[in-house]
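The lines below spell out each chain.
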Amino acid sequence: SVPEAVQFLRSNPSYEKAFSKASEDELHRGKIEQLLNLSKYHDFAKLYRFANVGQRRFLDLYFMHYEIDILKTCLRNAAGNRESAQDLSGFKEFFDKHSDMEDVIRGLKGSAYYEPLEKLLEQGKATLPACETAMDMLYFKTIWKIKDKYLSKAEAKMMAQCFGTKMDMLNFQWICRAKKYYNLSEGDIYALIIPIQYGVIKNSWYKCQDIEGLMEHGLGNGAKELTDKIYELTSRKEPYSAAVLNSYLYFKEREIEQIITTIEQIRYGMT
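This structure is a prediction, so every number in the text was calculated from the model and none was measured.

### Remarks on the environment of threonine 227
Here comes step 1: Along the polypeptide, threonine 227 turns up in helix α12 (residues 219-237).
Here comes step 2: Along the primary structure threonine 227 and methionine 167 are separated by 60 residues, whereas in three dimensions their C-alpha atoms are 9.9 Å apart.
Here comes step 3: Leave out the neighbours within four places in its chain, and threonine 227 touches Thr165, Lys166, Met169 and Tyr250.
Here comes step 4: Of note is the side chain of threonine 227, whose polar atom sits 2.8 Å from the backbone oxygen of alanine 223.

### Observations regarding unusual backbone geometry
Here comes step 1: Residues other than glycine seldom take positive phi values, yet asparagine 183 does so here, at roughly 50°.
Here comes step 2: Residue placement: asparagine 183 occurs in the loop between α9 (153-182) and α10 (186-192).

### Quick look at the pattern of salt bridges
Here comes step 1: Inspection of every chain in the model, using the stated rule, returns 9 salt bridges.
Here comes step 2: Between glutamate 118 and arginine 106 there is a salt bridge, with the nearest N and O atoms lying 2.5 Å from each other. A residue pair is termed long-range when its members are at least 10 positions apart, and glutamate 118 in helix α7 (residues 114-122) and arginine 106 in helix α6 (residues 101-106) qualify at 12 residues.
Here comes step 3: In this structure, the salt-bridge partner of arginine 254 is glutamate 257, at a minimum N-O distance of 3.8 Å. Here the residue arginine 254 and the residue glutamate 257 both occupy positions in helix α13 (residues 242-267), the gap between them amounting to 3 residues, near one helical turn.
Here comes step 4: When salt bridges that share partners are traced, they join Lys224, Asp228, Arg254 and Glu257 into one network.

### Considering the confidence of the model for the protein chain
Here comes step 1: Counting all residues, the mean pLDDT for the protein chain is 83, and 86% of those residues have values of 70 or more.
Here comes step 2: Element-level mean pLDDT values for the protein chain span from 47 in helix α5 (residues 92-97) up to 94 in α13.
Here comes step 3: Within the model, pLDDT remains below 50 along residues 90-95, and this stretch shows 4 contacts once partners closer than five positions in the same chain are excluded.

### A few points about the layout of surface pockets
Here comes step 1: Its boundaries defined by the atoms lining it, the largest pocket holds a volume of some 1500 Å³.
Here comes step 2: Lining the largest pocket we find 40 residues, and of these His65, Asp69, Lys72, Glu253 and Glu257 sit closest to its centre.
Here comes step 3: Breaking the lining of the largest pocket down by element, the ones donating at least two residues are α3 (29-50), α4 (53-79), α8 (128-150), α9, α12 and α13.
Here comes step 4: The leading source of residues in the lining of the largest pocket is α4, at 9 residues.
Here comes step 5: A per-class count over the lining of the largest pocket returns 14 nonpolar, 10 polar and 16 charged.
Here comes step 6: Here the second largest pocket defines a volume of roughly 910 Å³.
Here comes step 7: Along the wall of the second largest pocket there are 23 residues; nearest its centre are Pro129, Ala130, Thr133, Ala191 and Leu192.
Here comes step 8: Mapped onto the lining of the second largest pocket, the elements with two or more residues apiece are α7, α8, α9 and α10.

Parameters at a glance
Residues numbered from 1 in each chain as written. Predicted model: local features only at pLDDT ≥ 70, side-chain atom pairs only at ≥ 80, totals over all residues. Heavy atoms only, no water. Helix = DSSP H or I, 4+ residues; strand = E, 2+ residues; numbered from the N terminus. Contact = heavy atoms within 4.5 Å. Polar contact = N/O pair within 3.5 Å; in protein donor to acceptor, adjacent residues only side chain to side chain. Salt bridge = Lys/Arg side-chain N within 4 Å of Asp/Glu carboxyl O. pLDDT = per-residue confidence, 0-100. 1 Å grid on protein atoms, 1.4 Å probe; cavity = no way out; pocket = protein on both sides within 12 Å on 5 of 7 lines; lining within 4 Å. Points joined across faces, edges and corners; volume = space filled by probe spheres on them. Nonpolar A, V, L, I, M, F, W, Y, C, P; charged D, E, K, R; others polar.

Have a look at this one:
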């Protein structure tokens, strides 16, 4: 049952703190997901506290990923007129005040996220998928642009491998879905994909993989498996660098995704 699953999480050191104060009545789907994400942020904070100056530079870059996750949730809640389920007590006044997509975007003025979202508003294209894509684009382009400036040569190479693979796999999925499900033109597809390519699939190590097999197995699952391998490889190659922090935070998120999926399967009575 779901309460048994939560009790198991409470007995696990990784999630004990996040779930310790939550009552049984509170543990609906949104609350469970929120507590799991809080455990992720808690881990990040602990790592940051004990990181050296170089490692903190990497973590500062990584934090943008969490900011975008929270903003995406707020935009989804605004688009669906739902109350925010995020624990954003420090920003409560702001989120109480701004209740729709346009207001949320206007409220970001002065931040790095405002310009690309404001541009969508002016074009009349500020839909939820378009806003999420714009923030993803901003994240990857920012990481790619400044990684060499703030990180050591070895750490920048690691970031290129991990984030380059992520970008290639996202582009690969988006291209396949755009062609298969939406029959988009080449121009429309180019507008959707991240304008950075780490390796052209046919001329890189991706060629060694069974692409048709990936399609049959499930494009998302195949992309995750390939990305997992890269994160494992970089942390083994550079065990005393930010690669270990990068790998830990990545696999923590993957674990939380699997826990959320498992609890949903329990809730809907799957075997």
